[in-house]
Amino acid sequence: MGRRGVHRLTRHHGPRRKAALVGVAAATVVGGLVAGVMPLLAADDLSVRAVADTTATTVSQDGDNGAKTTLATCPVRCDANPRGMREAVLQFAVTALPANAVNIRATLRVHAWQEFDATVTAHASTVDARLGRPAPAPVGAALDSVAGVEPGFNEWDVSKLVTGNGTVTVSLAQAGLETRVYWASSENRNPDLRPRLVLRYDVGSRPTPAPSSAAPWPSRTTVPTTPPAPPPSPSASPSRPAPSPTLTPSPRPGGCGQVSSKLVPSCGAWWGMYSPTDPATWDHGRAITDVEAQVGRKFDIVHRYHDFSNTGSNGAFPDAYEQQQMREGRLMFFAWESRVFSSGAVLTWKDVYSGRHDATIDAVAGRIRATGVPVFMGFDHEPEDEPAKGSDADFVRAWRHVHDRFAAAGAHNAVWVWTMMGWSGHYSRYPGLYPGDRYVDWVAWDPYNFHVCNGSTVWKTPATTVGSFYRWLDQNGIGAGKPRMLAEFGTNVNSTDPDAKRRWFEEFPAALKAHPKIKATIYFNSAGMTTRTRTCDMTMNHDASALAGFARAGRDGYLRQPTGAN
């Protein structure tokens, strides 16, 4: 998430990973590592958009409230009108709860812009929220109240209305202030402000491996600056490295130890790292080897971000460091961003597919072809967070254009990784962002346990962190049959429990085993991705306890597949 170059910095993503959007911590799925079957598995979350909303009132001057960008609440006497009552009515279609969901908790979240000394109560409603200006109807039993409207999202516990899949209609009734309070509706121009019904639940029995049980989780909450450009480093057309032993490991009994032409390990998963480079040296090699020395093993995958400058280590990749890393048997993941890090210039996707940058695309494709080994290749990861670059359709067209230029250049060793945030607030967009099975080899997303880094109080287990988008992919058939990757993942500290981060890492291999379609996972070890404080530090080596847990996870046999790197 956020923009990157040599360092990846923070940018604001709206409510992607706010506290109410994430599941509560629950028992971790531990696959075959425990003898007994756990009665409850990892908690999870769903964020459901309103399918209809309106303001119920008898005030004819309101017009068509169902088409407005705001909802309103007001008591019977409202703005000096003795019959000016208004109730906000919202309808949600709950369709994605699994049959074995238990302990369902439902939170209604509606955005207000100002503070008001009013009490607003949520009720079950029989009003048809699809109507433009329905008359108020007798409300059901009170579900929850907000005593004092706050700027931002206000929340009501409406769990009594949700016992499974179906239609849920809620009305908001106001008391104590005889003037209107306005709320963002589902027609609001800013999708981040639209109402949500957030569902959290536990899983009552062990899921089957395919649909086993994150995300979105969550957003970094500061706005980035453009990463600085490093001094030019040697990155002329590299000499062809010797073939990597990664692709020819010795077979293990039972079919393990094999690697496909698309870099899929036959057993377990790859263990990878993104580590920012020290600007005092710009030594991209030591950025990885220093961390490897701390954890006591080589990483299977090295993740780097590159731009469209086609110069220096930022743009003329693979650079000398990456060539050396490939010679030493590591797999490379080149995340290619349509921007120029040094100047801050942002390319639009139309710029890309119009052919304006074909010379750069062809030059990179030639260098990728010259490596002579399969490499992971991404284009504009997390495109749902790039509104300035164009529409979802523009992204797909640009992706296909880049892919086709590589194919025409003979760079068939590029293994294409499609990387999304995996946030439930964008679920409706992902089918339109998918370039198609012919253009994608791996499906990836970027889950995080941010905890208090984004104002949340929820500590997510590894299984909860990775599980929501995993299951959504299963349910919606995007990239069916393709391997999956955590292109970035990470966890915060828990200032009230100094060993929580260590345990989180130690539990991580079990979460992967419970989600067997994940075949690669890459830790995003940048302190610059969030504001680093005593209660917010996403790096894996900030203290001895966290480092010990991360090192132990990397020693798990599931993450030690023979690639020549470990």
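Residues numbered from 1 in each chain as written. Predicted model: local features only at pLDDT ≥ 70, side-chain atom pairs only at ≥ 80, totals over all residues. Heavy atoms only, no water.

### Re helix H1 (residues 284-295)
Cut-off, in case you're wondering: Each helix is a run of DSSP H or I of at least 4 residues and each strand a run of E of at least 2, with the numbering of both proceeding from the N terminus. Working rule for helices: expected span equals 1.5 Å times residues minus one. To sort residues, take the accessible area from a 1.4 Å probe on protein chains only and compare it with the maximum for the residue type: under 20% means buried, over 50% means exposed, and anything in between is partly exposed. Note that the arc is defined by the directions from the helix axis to the C-beta atoms. Throughout this description, a polar contact denotes any pair of N or O atoms lying within 3.5 Å of each other; where both atoms belong to protein, one of them has to be capable of donating a hydrogen while the other can accept it, and for residues adjacent in sequence the pair is counted only when both atoms sit in side chains.
Here H1 is 12 residues long and its end C-alpha atoms lie 18 Å apart, about the 16 Å a rise of 1.5 Å per residue gives. Among the residues of H1, His 284, Gly 285, Ala 287, Ile 288, Val 291, Glu 292 and Val 295 are the ones counted as buried. All buried residues of H1 project into a common sector of 165° when viewed along the axis, lining one side. In this structure Asp 283 caps H1, since a side-chain oxygen of it lies 3.0 Å from the backbone nitrogen of Gly 285.

### Some details on the pairing of strand E16 (residues 375-379)
Rules: By the convention used here, strands pair only if DSSP detects at least 2 bridges between them. With strands facing away from the observer, any crossover in which the path from the first strand over the helix to the second runs clockwise is taken as right-handed.
Of all five residues in E16, five are buried; the element is thus mostly enclosed. Taking every second residue as pointing to the same face, both faces of E16 are buried, with Val 375, Met 377 and Phe 379 on one and Phe 376 and Gly 378 on the other. Pairing of strand E13 (residues 331-336) with E16 involves four bridges; the strand directions are parallel. From the neighbouring strand, Phe 334 faces E16, where its bridge partner is Met 377. Bridge count between E16 and strand E17 (residues 414-420): four bridges; the pairing is parallel. Within the sheet, the bridge partner assigned to Val 375 lies in E17 and is Ala 414. Viewed along the sheet, the connection from E16 through helix H6 (residues 392-408) into E17 turns out right-handed.

### Here's the deal with the packing of helix H8 (residues 462-476) against helix H9 (residues 500-513)
To keep things clear, this is the line we draw: To obtain each axis, a line is fitted to C-alpha atoms, and for helices this fit is confined to the stretch in contact; angles are then taken between N-to-C directions over 0 to 180 degrees. Geometric relationships in this document are graded by angle, where less than 35 degrees denotes roughly parallel, more than 145 denotes roughly antiparallel, 65 to 115 denotes roughly perpendicular, and other angles denote oblique. The criterion used for residue contact is that any of the two residues' heavy atoms lie within 4.5 Å. For this scheme, ten residues count as nonpolar: Ala, Val, Leu, Ile, Met, Phe, Trp, Tyr, Cys and Pro. Four count as charged, namely Asp, Glu, Lys and Arg, and the remainder, Gly too, count as polar.
Viewed as axis vectors pointing N to C, H8 and H9 meet at an angle of 40°, and their least axial separation amounts to 8 Å. The orientation of H8 with respect to H9, classified from their angle, is oblique. Here H8 contributes Pro 462, Ala 463, Thr 465 and Val 466 to the contact with H9, which in turn contributes Trp 504, Glu 507, Phe 508 and Ala 511. Residue classes in the contact of H8 with H9 are distributed as six nonpolar, one polar and one charged.

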